[in-house]
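# Coordinate inspection notes
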Amino acid sequence: MRSYGYFDFDEYVEIKDLEAEYNDHQEVYRDREFDFCEAERLVLIEKAGIHPRSFNNAIENLIENNLVKRLEYQKWAVFILPRNNKGTKIYYKRDFLNKKIMNSYKHERK
């Protein structure tokens, strides 16, 4: 979803309810929490390499892990850095993520 993400200053300021005089585009862009994604479902399915039946579960998993938020039909807020429910930024270590991926596949032992 990040591959198809974009930043819209006016929409971001409106969603975040920033003050009207807060118009420093560079500062807002630098400090933003998310970008927008409006990619079509089939495009995301192809890019992710998943089966169409897995799409809804994949999206729900992204939402549960605070990686995306549904704004409207086929429009998402894709977070730059995920945050937990307390608002603290979450950092994932590469080894942790690789282990999670490896655990999701069955391996044949020789």
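Predicted model, so just to flag it, every value in this text is computed and none were measured.

## Some thoughts on the overall build of the protein chain
When you go through the protein chain residue by residue, the secondary structure sums to 5 helices and 4 strands. The linear arrangement of helices and strands in the protein chain, starting from the amino end, is β-α-α-β-α-α-β-β-α. Out of the 110 residues in the protein chain, the part that is buried amounts to 21%. In the protein chain, 48% of the contacts between residues at least 6 apart in sequence involve partners at least 24 apart. Within the structure as shown, the protein chain displays about 9100 Å² of accessible surface, and the carbon and sulfur contribution to it stands at 47%.

## A look at the side chain of Lys-75
Here Lys-75 shows up in strand S4 (residues 75–79). Setting aside residues no more than four positions away along its own chain, Lys-75 makes contact with Tyr-6, Glu-11, Phe-36, Cys-37, Glu-38, Lys-69 and Arg-70.

## Thoughts on the sheet that holds S4
The strands making up a sheet associate through hydrogen bonds between their backbones, and the pairing can be parallel or antiparallel. Pairing is antiparallel in the open sheet, where 4 strands are placed in the order S1-S2-S4-S3. If you trace the sheet from one side to the other, it starts and ends with strand S1 (5–6) and strand S3 (68–72), each paired once. As paired elements, strand S2 (residues 34–37) and S4 share 4 bridges and run antiparallel to each other. Bridge pairing links Asp-35 to Val-78 in S4. Strands in contact with helix H4 (residues 55–64) are S3 and S4; relative to S3, the strand with the most contacts, it is inclined by about 110 degrees.

## A short note on the pattern of salt bridges
What the rule picks out here adds up to 5 salt bridges. A salt bridge links Asp-35 to Arg-32; the nearest nitrogen and oxygen atoms lie 2.5 Å apart. Classification of Asp-35 as buried rests on a relative accessible area of 8%. Look at Arg-32 and you get buried, because its relative accessible area is 16%. Glu-60 is the salt-bridge partner of Arg-70, the closest N and O atoms lying 3.9 Å from each other. One end of the pair, Arg-70, is in strand S3; the other, Glu-60, is in helix H4, and 10 residues separate them in sequence.

## What about the packing of aromatic side chains?
Describing an aromatic ring pair means giving the distance of the ring centres and the angle of the ring planes. Under the criterion given, the structure shown has 6 aromatic pairs. Note on Tyr-12 and Phe-34: the rings are 4.8 Å apart at their centroids and 55 degrees apart in plane angle, and the pair reads as tilted. Taken as a pair, Tyr-12 in helix H1 (residues 9–16) and Phe-34 in strand S2 lie far apart in primary sequence, 22 residues in all. In this structure an aromatic cluster arises from ring pairing among Tyr-6, Phe-7, Tyr-12, Tyr-29, Phe-34, Phe-36 and Phe-79. Taking the ring centre of Tyr-29 as reference, the NZ or CZ of Arg-32 above it sits at 3.9 Å. Here Lys-75 stacks its cationic end above the ring of Phe-36, 5.3 Å away from the centre of that ring.

Rules used throughout
Residues numbered from 1 in each chain as written. Predicted model: local features only at pLDDT ≥ 70, side-chain atom pairs only at ≥ 80, totals over all residues. Heavy atoms only, no water. Helix = DSSP H or I, 4+ residues; strand = E, 2+ residues; numbered from the N terminus. Buried < 20%, exposed > 50% of the residue type's maximum accessible area, 1.4 Å probe, protein only. Contact = heavy atoms within 4.5 Å. Areas by Shrake-Rupley, 256 points an atom, 1.4 Å probe, with all protein chains shown as cover. Pairing = 2+ DSSP bridges. Axes fitted to C-alpha atoms, helices over the stretch in contact; angles between N-to-C directions. Salt bridge = Lys/Arg side-chain N within 4 Å of Asp/Glu carboxyl O. Phe/Tyr/Trp six-rings, centres within 6.5 Å; stacked < 30°, edge-to-face > 60°. Lys NZ or Arg CZ within 6 Å of the ring centre and 35° of its normal.

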